[in-house]
Amino acid sequence: MSRTRIHNFSISLDGFATGEPQSLETPFGHAGQKLHTWMMRTQYWDPNGTDGVDHAYAERHGPGIGAEIMGANKFGPPGWHDDPDWKGWWGPNPPFHTPVFVLTHHARPSLEMEGGNVFHFLEATPAEALETVRAAADGQDIRIGGGATVVRDFLAAGLVDHMHLVQVPIVLGRGVRLWDGLEGVEEAFDVETVASPTGVTHFTFTRKAS
Ligand SMILES: NC(=O)c1ccc[n+]([C@@H]2O[C@H](COP(=O)([O-])OP(=O)(O)OC[C@H]3O[C@@H](n4cnc5c(N)ncnc54)[C@H](OP(=O)(O)O)[C@@H]3O)[C@@H](O)[C@H]2O)c1
């Protein structure tokens, strides 16, 4: 059975996965790039980047993944639904190279992009979405790509098998929180932490065998 995985999902010390307000100019709101600077400094992102513990975690994002599920607010800024030409942030050849399913209440026809990327638009519960996406993942794992709302909903539904979280030593104070409503969620997982010399802490949540 293919697994559902989350990788490189970054949160502040106070649990926010994005700042506010989200816009075309500031996709992460007042957080800017602070949540992902750790990743941009690695070879995973930049050929001249570092090759240490952060890189080792970051590069686990792609292998074994056959499809991604993301939320409407990761796909575009507020109002993208009203722009028929909006095709995501990532240009003609997005970095996914798999089918990507965007959960939205504003479904539209699928978008075929370069590099094996296809965006599909889907209104469904997390469990229904997973069933649809599993058929498209060709036996491989499914990545839940964020943002916070979608990750939270899949955790709440008990549908996440493995989650790599990165806690960044910043306090955002406002934005979209990951943990709201998830009291005790850690009990379903074996949790490990590794502190990187760069200041971030890597958490892995691996679902306990039932
Ligand atoms: N920290 C990280 O590592 C990380 C990773 C990825 C993204 N992000 C950031 O997170 C932010 C987005 O997160 P977010 O929490 O605001 O939003 P999100 O999780 O990307 O999307 C939530 C939206 O998706 C749609 N949706 C969700 N579940 C649905 C369902 N079951 N059926 C139909 N539609 C559904 C709804 O939009 P509609 O009703 O409008 O369709 C909902 O408002 C962005 O700033 C992004 O850059 C952060």
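Residues numbered from 1 in each chain as written. Predicted model: local features only at pLDDT ≥ 70, side-chain atom pairs only at ≥ 80, totals over all residues. Heavy atoms only, no water.

Visitor: I tried to follow the packing of aromatic side chains on my own but got confused; where do I start?
Guide: The geometry of an aromatic ring pair is captured by the separation of the ring centres together with the interplanar angle, meaning the angle of the planes. Following the criterion strictly, the structure yields 12 aromatic pairs and no others. A centroid spacing of 6.4 Å and a plane angle of 45° characterise the contact between Phe75 and Trp90, whose relative ring orientation is tilted. Here the residue Phe75 occupies a position in helix α3 (residues 72–75), and Trp90 occupies one in the loop between α3 and β4 (99–103), the gap between them amounting to 15 residues. Since its relative accessible area comes to 0%, Phe75 is described here as buried. (Phe/Tyr/Trp six-rings, centres within 6.5 Å; stacked < 30°, edge-to-face > 60°. Helix = DSSP H or I, 4+ residues; strand = E, 2+ residues; numbered from the N terminus. Buried < 20%, exposed > 50% of the residue type's maximum accessible area, 1.4 Å probe, protein only.)

Visitor: Explanation requested: the site of the ligand in the structure shown.
Guide: Near the ligand there are 26 residues, and of these Pro27, Thr104, His105, Ala124 and Thr149 occur at the shortest range. Pro27 is positioned with one of its backbone polar atoms (N or O) 2.7 Å from an oxygen atom of the ligand. His81 has a polar side-chain atom sitting 3.3 Å from an oxygen atom of the ligand. In isolation the ligand offers 940 Å² of accessible surface; the protein chains occlude 87% of this area. Only β1 (4–12), β2 (16–18), α3 and α5 (148–156) provide two or more residues apiece to the shell around the ligand. Partitioning the shell around the ligand into residue classes produces 10 nonpolar, 14 polar and two charged. (Near = heavy atom within 4 Å. Polar contact = N/O pair within 3.5 Å; in protein donor to acceptor, adjacent residues only side chain to side chain. Areas by Shrake-Rupley, 256 points an atom, 1.4 Å probe, with all protein chains shown as cover. Nonpolar A, V, L, I, M, F, W, Y, C, P; charged D, E, K, R; others polar.)

Visitor: Quick question: what am I supposed to make of the pairing of strand β6 (residues 118–122) here?
Guide: The side chains of a regular strand alternate between the sheet's two faces. Along β6, four of the five residues are buried, which leaves the element largely enclosed by surrounding structure. Here five bridges tie β4 to β6, and the two strands are oriented parallel to one another. Of the residues in β6, the one forming a bridge with Leu103 is Leu122. Bridge count between strand β5 (residues 111–112) and β6: two bridges; the pairing is antiparallel. Residue pairing in the sheet places Glu112 in a bridge with Val118 of β6. Where β5 folds back on β6, the antiparallel hairpin that results is connected by five residues, among which Gly115 adopts a positive phi of roughly 75°. (Pairing = 2+ DSSP bridges.)

Visitor: What is the right way to read the pattern of salt bridges from this model?
Guide: Opposite charge on two side chains permits pairing when their charged atoms draw close. Following the criterion strictly, the structure yields six salt bridges and no others. Salt-bridge contacts for Asp141 lead to Arg3; the nearest nitrogen and oxygen are separated by 3.3 Å. With Asp141 in strand β7 (residues 141–144) and Arg3 in the segment before β1, this residue pair connects regions lying 138 residues apart in the sequence. Overall, the relative accessible area of 10% leaves Asp141 in the buried class. One continuous salt-bridge network, built from bridges that share partners, spans Arg3, Arg5 and Asp141. (Salt bridge = Lys/Arg side-chain N within 4 Å of Asp/Glu carboxyl O.)

So yeah, pure geometry; function would need other evidence.
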